[in-house]
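Spelled out from the first residue to the last, the chains are:
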Amino acid sequence: MPVSILGTRVIRTEDPRFLTTGGIYTDDLRLPGACHVQFVRSAVAHARIVSIDVSAALAEPGVIAAFTAADLDLPVLPPAVPGVSSQMGQSPLADGVVRFVGEPVAMVVTEGRYQGEDAADLVDVDYDPLPAVVDMTDAASGESAVLFPAVGSNVAATFGDPAALKADLFDGCEVVVSRTIVNQRVAPAPMETRAAAAQWDGDGRLTAWIPNQGAQGTRSSLAAMLGIDQAALRIITPDVGGAFGAKFGADPEHALVCWAARRLGRPARWAETRNENLVGMTHGRAQRQTITIGGSRDGTVQAYRLEILQDAGAYPRFGAFLPALTILMAPGPYAIGRAEAVAKSVVTNTTPVGAYRGAGRPEATAAVERAIDLFAAEIGLDPAEVRAKNLLPPFTQPHTTAFGAVYDSGDYPAALAKALDAAGYGDLRAEQAKRRASADVTQLGIGLSCYVEITGPGAEEGGPRENATVEVHPDGGATILTGTSPHGQGHETVWAMLASEELGIPIDKITVKWGDTDLIPEGGGTGGSRSLQQGGAAVQQASRELIDVARQRAADELEANPDDLVFDVAGSAFAVAGDPDASVSLAHLAGQERLFVRAVFRTTGPTFPFGTHVAVVEVDTETGKVTLRRMVTVDDAGTVINPLLAEGQRHGGIAQGAAQAFLEEVVYDADGNPMTSSFADYPMVSATEVPSFELADMATPTTYNPLGAKGIGEAGTIGSTPAVQNAIIDALAHLGVRHIDMPASPLRVWQALRAASASSLAAR
Ligand code: MCN
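Summary of the structure given here. (Residues numbered from 1 in each chain as written. Predicted model: local features only at pLDDT ≥ 70, side-chain atom pairs only at ≥ 80, totals over all residues. Heavy atoms only, no water.)

**Points about the overall build of the chain**
Cut-off, in case you're wondering: In this text, helices come from DSSP runs of H or I with a minimum length of four residues, and strands from runs of E with a minimum of two, each type numbered from the N-terminal end. Based on C-alpha atoms, the radius of gyration is set beside the globule rule, defined as 2.2 Å times the residue count to the power 0.38. Throughout, a residue-residue contact means that at least one pair of heavy atoms, one from each residue, lies within 4.5 Å. In this description, accessible areas are obtained by the Shrake-Rupley approach with a 1.4 Å probe, and a residue is regarded as covered only by the protein chains that are shown. When charges are counted, Lys and Arg contribute as positive and Asp and Glu as negative, whereas His and the chain ends are disregarded. Lysine's charge is taken at NZ, arginine's at CZ, aspartate's at CG and glutamate's at CD.
The helix and strand tally for the chain stands at 18 helices and 28 strands. Taking 27 Å as the expected radius of gyration for a compact globule of 764 residues, we find that the chain reaches 27 Å, a close match to that expectation. Expressed along its principal axes, the backbone C-alpha trace of the chain runs to roughly 95 × 70 × 50 Å. For the chain, restricting intrachain contacts to residue pairs at least 6 apart in sequence, the fraction spanning at least 24 positions comes to 79%. Accessible area of the chain: about 28200 Å², with a carbon and sulfur share of 52%. Within the chain, one finds 57 positive and 90 negative side-chain charges whose respective centroids are separated by 4 Å.

**Description of the nonpolar core**
Spelled out, the test is: As used here, the term nonpolar core means buried Ala, Val, Leu, Ile, Met, Phe, Trp, Tyr and Cys residues forming a set that is joined through side-chain atoms within 4.5 Å. Exposure classes here rest on a 1.4 Å probe applied to the protein chains alone. A residue is buried below 20% of its type maximum, exposed above 50%, and partly exposed in between.
Of all hydrophobic cores here, the largest spans 77 residues; its most connected members are Tyr-304, Met-329 and Tyr-407. With nine residues, the single largest contributor to this core is helix α9 (residues 361–379). Apart from residues no more than four positions distant in its own chain, Tyr-407 is found in contact with Met-329, Gly-332, Leu-392, Phe-395, Pro-398, His-399, Thr-401, Tyr-412, Val-452 and Phe-608. Grouped together as the second largest cluster of nonpolar side chains are 45 residues, Ile-510, Ala-582, Leu-589 and Ala-590 included.

**Description of the pattern of salt bridges**
In plain terms, the rule: One speaks of a salt bridge when a side-chain nitrogen belonging to Lys or Arg is within 4 Å of a carboxyl oxygen belonging to Asp or Glu.
Here the structure, examined in full by the defined rule, presents 39 salt bridges. Taking the shortest distance from any N to any O, the salt bridge between Lys-247 and Glu-192 comes out at 3.1 Å. Here Lys-247 is found in the loop between β11 (233–236) and α6 (252–264), whereas its partner Glu-192 is found in the loop between β8 (175–186) and β9 (195–200), with 55 residues between them in sequence. Both residues of the pair, Lys-247 and Glu-192, count as buried.

**Some points on the site of the ligand**
Keep this limit in mind: Nearness of a residue to a molecule or strand requires only that one of the residue's heavy atoms be within 4 Å of it. For this analysis, a polar contact is any N or O atom pair within 3.5 Å, provided that within protein one partner can donate a hydrogen and the other can accept it, and provided that sequence-adjacent residues contribute only side-chain to side-chain pairs. For this scheme, ten residues count as nonpolar: Ala, Val, Leu, Ile, Met, Phe, Trp, Tyr, Cys and Pro. Four count as charged, namely Asp, Glu, Lys and Arg, and the remainder, Gly too, count as polar.
Near the ligand you find 31 residues, and of these Gln-489, His-491, Ser-531, Gln-649 and Ile-712 are the closest. At 3.3 Å from an oxygen atom of the ligand is found a main-chain nitrogen or oxygen belonging to Arg-530. Between the ligand and Asn-642, the relevant distance is 2.9 Å, taken from an oxygen atom to a main-chain nitrogen or oxygen of the residue. Burial of the ligand by the surrounding chains reaches 95%, relative to a free accessible area of 840 Å². If you list the elements that add at least two residues to the shell around the ligand, you get α13 (491–503) and α14 (531–558). Top contributing element to the shell around the ligand by residue count: α13, with three residues. For the shell around the ligand, the per-class residue count stands at ten nonpolar, 17 polar and four charged.

**Thoughts on the side chain of Glu-453**
By the element assignment, Glu-453 lies in the loop between β18 (442–452) and β19 (465–472). Given a relative accessible area of 0%, Glu-453 falls into the buried group. There is a polar contact of 2.9 Å between the side chain of Glu-453 and the side chain of Arg-361. Sequence-distant contacts of Glu-453, defined by excluding residues within four places in its chain, comprise Met-329, Arg-361, Thr-607, Phe-608, Pro-609, Gly-711, Glu-714, Ala-715 and Ile-718.

**Quick word on the packing of aromatic side chains**
Inclusion rule: Pairing of aromatic rings covers Phe, Tyr and Trp, the last through its six-membered ring, and needs centres within 6.5 Å; plane angles under 30 degrees mean stacked, over 60 mean edge-to-face, and all others mean tilted. Both a distance and an angle decide whether a charge sits over a ring: NZ of Lys or CZ of Arg must be within 6 Å of the ring centre and within 35 degrees of the ring normal.
A complete count under the given rule lists ten aromatic pairs for this structure. When the centroid spacing of 6.5 Å and the interplanar angle of 75 degrees are considered together, the rings of Tyr-407 and Tyr-412 count as edge-to-face. Measuring from ring centre to ring centre gives 4.9 Å for Tyr-412 and Phe-610, while their planes differ by 70 degrees; the resulting arrangement is edge-to-face. Of the two residues, Tyr-412 sits in helix α11 (residues 412–423) while Phe-610 sits in strand β26 (residues 610–620), which places them 198 residues apart along the sequence. Residues Tyr-412 and Phe-610 agree in their burial class; the two are buried. When the ring centre of Phe-18 is taken as origin, the NZ or CZ atom of Arg-17, which lies over that ring, is 4.8 Å away. Directly above the aromatic system of Phe-596 lies the positively charged group of Arg-594, at a separation of 4.5 Å from the ring centroid.

**Digging into the sheet that holds strand β10 (residues 206–209)**
Note the following rule: Strand pairing is assigned whenever DSSP identifies at least 2 bridges connecting the two strands. Only C-alpha atoms enter the line fits that serve as axes; for helices the fit covers just the stretch in contact. Angles between N-to-C directions range over 0 to 180 degrees.
Here seven strands make up an open sheet; going across it, the order is β3-β5-β1-β12-β9-β10-β11 and the pairing mixed. In this open sheet, the two edge strands, each paired with only one partner strand, are β3 (63–68) and β11. The mean angle between the axes of side-by-side strands here comes to 20 degrees, regardless of whether they run parallel or antiparallel. Across two bridges, the pairing between strand β1 (residues 35–41) and strand β12 (residues 268–271) is parallel. Looking at β12, one finds that His-36 is bridged to Arg-269. Helix-sheet contacts for helix α3 (residues 113–121) involve β1, β3, β5 (104–110) and β12, and the interaxial angle to β1 is about 25 degrees. Here helix α5 (residues 215–226) sits on the sheet in contact with β10 and β11, set at roughly 135 degrees to β11.

**Some points on the packing of α9 against helix α17 (residues 715–731)**
Note the following rule: For classification purposes, angles smaller than 35 degrees are called roughly parallel, those larger than 145 roughly antiparallel, those between 65 and 115 roughly perpendicular, and all remaining angles oblique. Helix crossings fall into two classes, left-handed where the near helix is turned counterclockwise from the far one by less than a right angle and right-handed where it is turned clockwise.
For the pair α9 and α17, the least separation of the axes is 8 Å and the interaxial angle reads 30 degrees. By the angle class used here, α9 and α17 are roughly parallel. Helix-helix and strand crossings are classified by hand; for α9 and α17 the assignment is right-handed. Taking contact as the criterion, the partners of Arg-361, Pro-362, Thr-365, Ala-366, Glu-369, Arg-370 and Asp-373 in α9 are, on α17, Ile-718, Pro-722, Gln-725, Asn-726 and Ile-729. Residues of the contact of α9 with α17, tallied by class, amount to five nonpolar, three polar and four charged.

**Topic: unusual backbone geometry**
In this structure, Pro-743 follows Met-742 across a cis peptide bond, with omega equal to -10 degrees. Phi is positive for Ala-286, which is not a glycine, with a value near 65 degrees. Within the fold, Ala-286 resides in strand β13 (residues 284–295). With a relative accessible area of 2%, Ala-286 lands in the buried category. In this model, Ser-529 sits at a positive phi of 45 degrees, which is unusual for a non-glycine residue. Tracing the backbone shows Ser-529 in the loop between β21 (510–513) and α14.

**Brief notes about the sheet that holds strand β25 (residues 595–602)**
Across the sheet, four strands lie side by side as β21-β20-β19-β25; this open sheet has mixed pairing. Strand pairing shows two members of the sheet lacking a second neighbour, β21 and β25, which therefore form its edges. On average, each strand axis in the sheet is tilted by 15 degrees relative to the strand beside it, whichever way the strands run. Where β19 and β25 come together, eight bridges link them in antiparallel fashion. Across the sheet, residue Arg-465 finds its bridge partner in β25, namely Arg-602. Helix-sheet contacts for α13 involve β19, β20 (478–482) and β21, and the interaxial angle to β21 is about 130 degrees.

**Description of the pairing of strand β15 (residues 338–347)**
As a reminder of what qualifies: Place the viewer so that the strands point away; then a crossover is right-handed whenever the path from the first strand over the helix to the second strand goes clockwise.
Burial analysis of β15 places eight of its ten residues in the buried class, the great majority of the element. In terms of strand pairing, strand β7 (residues 155–159) meets β15 through four bridges, oriented antiparallel. Residue pairing for β15: Ala-157 is matched across the bridge by Ser-345. Alignment of strand β14 (residues 301–313) against β15, held across ten bridges, turns out to be parallel. Looking at β15, one finds that Leu-309 is bridged to Lys-344. Following the chain from β14 across helix α8 (residues 322–328) to the adjacent parallel β15, one finds a crossover that is right-handed.

**Overview of helix α12 (residues 425–437)**
For clarity, the cut-off: Here a helix's expected span is defined as the number of its residues, less one, multiplied by 1.5 Å. As used here, the arc belongs to the directions running from the helix axis to the C-beta atoms.
The terminal C-alpha atoms of α12 lie 18 Å apart, and with 13 residues this matches the ideal 18 Å at 1.5 Å per residue to within 8%. Where α12 is concerned, the buried positions are Tyr-425, Leu-428, Arg-429, Gln-432 and Arg-435. For α12, the buried positions fall inside an angular range of 120 degrees around the axis, keeping them on one side. Within α12, the exposed residues directed more than 90 degrees away from the buried face are Gly-426, Asp-427, Lys-434 and Ala-437.

As structure tokens, then:
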């Protein structure tokens, strides 16, 4: 029996290229004769456009054309979320009104790339300012300006009925704690900013190169935006330098580049600057949550309520829908007898909100984990003890929650126990007690977060699905076509491992292709950490079906009964049982007739990875500075196919999630001007702000796919944020601090300490 490569630490096959010649990103493509698009973006958050004068820009050297909404023959983009009024649609170039700083207002097209920036500065837009609605609470108040007067209010979507919230939900609880907390807006900030290149051929067919998370989804969005048939559009996905949820589908700018190429009859291209990216690409999170938790003094949680206000930004995109996922996962891993949640998404004069690593689930975890800590603090019990008391017991059969989520399998108490053990929880508490007793300036905080999340969600009939084609070549190599779309997750390596395992073809002779809609017309792309459990399972299925096809052909060739053939994986060949000399290889069979199989794998349903994170922080009580000392995590994603890649995903995710707790925030001033539109102002996490993470292993397989795998791509982000936030507050709990909103910047920490000491003085 050959040794399985599944579960082994195969080094990423993509890396030699990335580390030597480098990737080829959209902006690296050579496109002879291409003109360059530069967008003129709104400098004000909310205004009527009185006039736009492009004449000075047109007179600049190299300027080919300048366009405004009046020139366009493109449809208004409807909101991406069902149920949202179509009146909240976005004109690709602002038409009459601008609703956020950074909204495209006009476009200048030039021969040379840098001519555009100068010319765009000369486009004269006369704005008649309208009151800006920047804060989501104001937007929801009914007293602020209304962004879309035809709709009559700023409410884009509601989830659940606030009037149906039960007045008696907390009856019988000895302790009830309530608090409004902020899950702040953050920027995805992928290393590669947005870009596009477009070329129409003589037959009116468009090829568009766009960095994205799924070429097929981008094709359908873009076709709708351009008002063309999907068959007239080919999307090619070059290398993608990170996406974090924000490169799904297509943005108005992508459609405008394609439109300009058609209008001007020549290829067109665009690549945005970092500054444009920070104001133009969708942001993430942006919820205000009111959490109420009640229970008994022995630590039993009896009731939980979550009321969500979601800031959707200026135009409702996926952000308007995020609360649905937050509500679905509201009770997390806990057995709470009574729980309810409602939400409202509102529009504001800010950058639209979209998916950001975790998309709705980190918000659910942050809310319930803060609630558990507030409850534990109120009754004076250890937060670990309160968690242990309320976690669902281990289960192997699906468990349906009050919100309709069907958790496939889980052992939450084991994850908590493992994480506490790996962290040395008892010793940490002892060290904390010592520092508290000596009134050390640097206090120690220990924060916990238990989570369960949903991966691979999808509403497809018959269950979420993905396709893969596997073809063996006469030279002994193989090609895989996949409907997933890696942009840092390492699918080339793992998809090759999965095929190699079945076919006996070495990994380095297997090529993985994705992201070309002519080659792979169907596919769900990469998001919601769906890829391995659906796309990887499809690769395995196609490989196995290919062996079945090959067996029949080998039987014909060897004049043997197919049942008498043994497939020798090590030799990638069939042999007749008992007669090893009578054999034929897959490569030989492929030489006679093309040998390939396309398979569609359908899952039983989404899977629910889970885990526990323990964060250890030091907080300087004089300056408010937080230092993250340790992150110890258990992230159970079922069977792990490549631990090296799964750990890489955990590391990246943990860093990103921790950053939300103490560093990152998109900030606007009261007029809606972005204050964080460069990396000098937006403190994106780097390796210097985080320690090396301590990852403990745990694997509770799912039965929903033959790999036993759940998703890991977002788990780190989901578990880490509340653990770090809770740790920071825990460090100061003995000084009377109960809550600090994220990010816990030195200023916020210091202010919380001042407020706590002021109230304790007043109480004396
Ligand atoms: N894996 C594994 N065993 C498991 C689960 C996963 O070996 N049980 C491996 C997979 O083979 C794959 C990787 O881990 O190589 C991640 O797989 P999966 O959990 O299926 O997630 P996806 O590939 O679908 O990735 C999506 C997820 C999302 S939604 C965001 S957002 C995100 C993320 O991945 N954005 C990223 N990780 C990112 N990583 C990088 N570098 N850049 C981004 O933009």
